[in-house]
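Structural description and commentary
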Amino acid sequence: MTPPAAARATQATATLRDRLKDPALLKEACYIDGAWVGTPVFAVNNPATGVELAKVPQLGADDTTKAVEAAQRAFPGWAKHTAKQRSNILRKWFELIIANREDLALILTSEQGKPLSEALGEVDIGAAYIEFFAEEARRVYGETIPTQRPDARLLAIKQPIGVCGAITPWNFPNSMITRKVSPALAAGCTVVLKPANETPLSALALAVLAEKAGIPKGVLNIVTGDAPPIGKVLCEHPAVRFVGFTGSTAVGKILYQQASVGVKRLGLELGGNAPFVVFDDADIDAAVEGAIVSKYRNMGQTCVCANRLYAQDKIYDEFVQKLSKKVAAMKIGDGTESGVTQGPLINMKAVDKVERHIADAVKRGAKVVTGGKRSELGRSFFEPTVLADVKSDSLVAQEETFGPLAPVIRFKDEADVVAMCNASPFGLASYFYSRDLGRVWRVAEALESGMVGVNTGLITTEVAPFGGVKESGLGREGSHHGMEEYVEIKYVMMAGV
Ligand SMILES: O=CCCC(=O)O
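Residues numbered from 1 in each chain as written. Predicted model: local features only at pLDDT ≥ 70, side-chain atom pairs only at ≥ 80, totals over all residues. Heavy atoms only, no water.

Residues in contact with the ligand, as listed here, are Asn171, Phe172, Met176, Arg179, Glu269, Arg297, Thr302, Cys303 and Thr460. Here an oxygen atom of the ligand sits 2.5 Å away from a polar atom, N or O, in the side chain of Thr460. Relative to its unbound accessible surface of 240 Å², the ligand loses 98% to contact with the protein. Most atoms of the ligand, that is more than half of them, are within 2 Å of grid points of the second largest pocket. (Near = heavy atom within 4 Å. Polar contact = N/O pair within 3.5 Å; in protein donor to acceptor, adjacent residues only side chain to side chain. Areas by Shrake-Rupley, 256 points an atom, 1.4 Å probe, with all protein chains shown as cover. 1 Å grid on protein atoms, 1.4 Å probe; cavity = no way out; pocket = protein on both sides within 12 Å on 5 of 7 lines; lining within 4 Å. Sits in = over half its atoms within 2 Å of the grid points.)

See below:
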């Protein structure tokens, strides 16, 4: 007999909790000023099964203001910690995450859907950001400036910017948090974080470990709830000096406007429409592997996913045939099952968009080579798809699909394809495959994007600057450049020498 809905939900919560080595990582409360607060009312569901995993509080503007005030109170004390003290605490947080990586990955897959192997990879790179910035905390150097006045000495020192807001997306519920929070904390800033409503459990689990690592109360605060009122407080409260956001360009523009009132600094990692180009001198097998990683990682729900693929005339058929053979062999299912490489999409709206892009491309003459429809598993499972003979004016080449759909467009020459790549208001990532050294330089320099992968489909690493140009955003995350977002330069002239 099927148990009633409420009992089923309780069972599901117990199921995830029971499967964790440390059940205390599954939190149903917000973390403000070092206390776990709020009534759990908002259900978090597993997209693979639809069952409820847990509930989290639905906080609003007042509680967000309290969180900002807590961060404001904690700021002077945290900023006065020595760089080494901050570094040691961050290092401890990193170690705890690694020690709990399997639990964190299971929570991540359960709430987000990606295969467990990818979730483990995300937890590892999420931890790697913390490790990197724990090291970087000790290298926030200033400078001395050759003087124009014999009686004066000139310095530029770097100081933490202050309280930071962070708003993070559901597609990378762990690493997008650590990529923002760890440089902020390393620099001496305090943070109020709003995770995505679909995936708050990864954020709360990270906070459990942050508390254990000894991050003082008020330094990291987590607020779950309705995005617009929380985002408005983060953008408009006078104590907040920086807001970091990863998400859609449409929301990024709203935050940009709201933050302009208090002239705040913003870090925006927004939408993309990454081209993936295969020239006829490329290693085709390597290009196919790169396309698989770039396109189908996280079921195509990655901001740097290849969105439109361009293959040159001479190798077009070979590339499409080899790509679709691999794609047709992918295993769809619950991300916790062994061998699954394609989990469910985050929700039915995501499925609708993939279907809309396929229908539009087919209407303009494209052919479905493999996939093309909802999976027989139901829910938001969608067959990984390859389309051939796609026209460059199709919707799928203009808008980010955010799903497992590879549209392959034919091109003639280098100038032709570079023009198509750059004919977009977005400029996050681009990829191309070629073995001609001259072409590699020319094309890498010509592409209008913040990041370029040459002969690779995977460019993310904690040591490199991640970010876009044009409507794909502002600022850089990761690498030593990522630290610059969280410090202010203060110039000091010491006269009377
Ligand atoms: O979707 C944004 C993040 C992608 C990544 O970290 O590779």
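Splitting the protein chain by domain gives domain 1 (16-270 + 473-491) and domain 2 (274-454). Averaged C-alpha coordinates put domain 1 and domain 2 at centres separated by 31 Å. Contacts between domain 1 and domain 2 engage 22 residues on the former and 24 residues on the latter. Between domain 1 and domain 2 lies a buried interface of about 1,800 Å² when both sides are counted; carbon and sulfur atoms form 60% of it. Linking domain 1 to domain 2 there are zero salt bridges. (Domains from an automatic or database assignment. Contact = heavy atoms within 4.5 Å. Buried area = accessible area lost by both parts, 1.4 Å probe. Salt bridge = Lys/Arg side-chain N within 4 Å of Asp/Glu carboxyl O.)

This paragraph deals with empty space enclosed by the protein. On inspection of all chains with the given rule, the structure shows three cavities of 30 Å³ or more. In this structure, the largest cavity occupies an estimated 90 Å³ of space. Contributing to the lining of the largest cavity are 15 residues, with Gly267, Leu268, Leu474, Arg476 and Glu477 lying nearest its centre. If you list the elements that add at least two residues to the lining of the largest cavity, you get strand E10 (240-246) and strand E11 (265-269). As a volume, the second largest cavity reaches approximately 50 Å³. Residue lining of the second largest cavity: 14 residues in total, with Pro275, Phe426, Gly427, Ser430 and Glu448 positioned closest to the centre. Contributions of two or more residues to the lining of the second largest cavity are made by strand E12 (274-278), helix H14 (414-422), strand E17 (426-427) and strand E18 (429-433). By residue class, the composition of the lining of the second largest cavity is seven nonpolar, five polar and two charged. (Points joined across faces, edges and corners; volume = space filled by probe spheres on them. Helix = DSSP H or I, 4+ residues; strand = E, 2+ residues; numbered from the N terminus. Nonpolar A, V, L, I, M, F, W, Y, C, P; charged D, E, K, R; others polar.)

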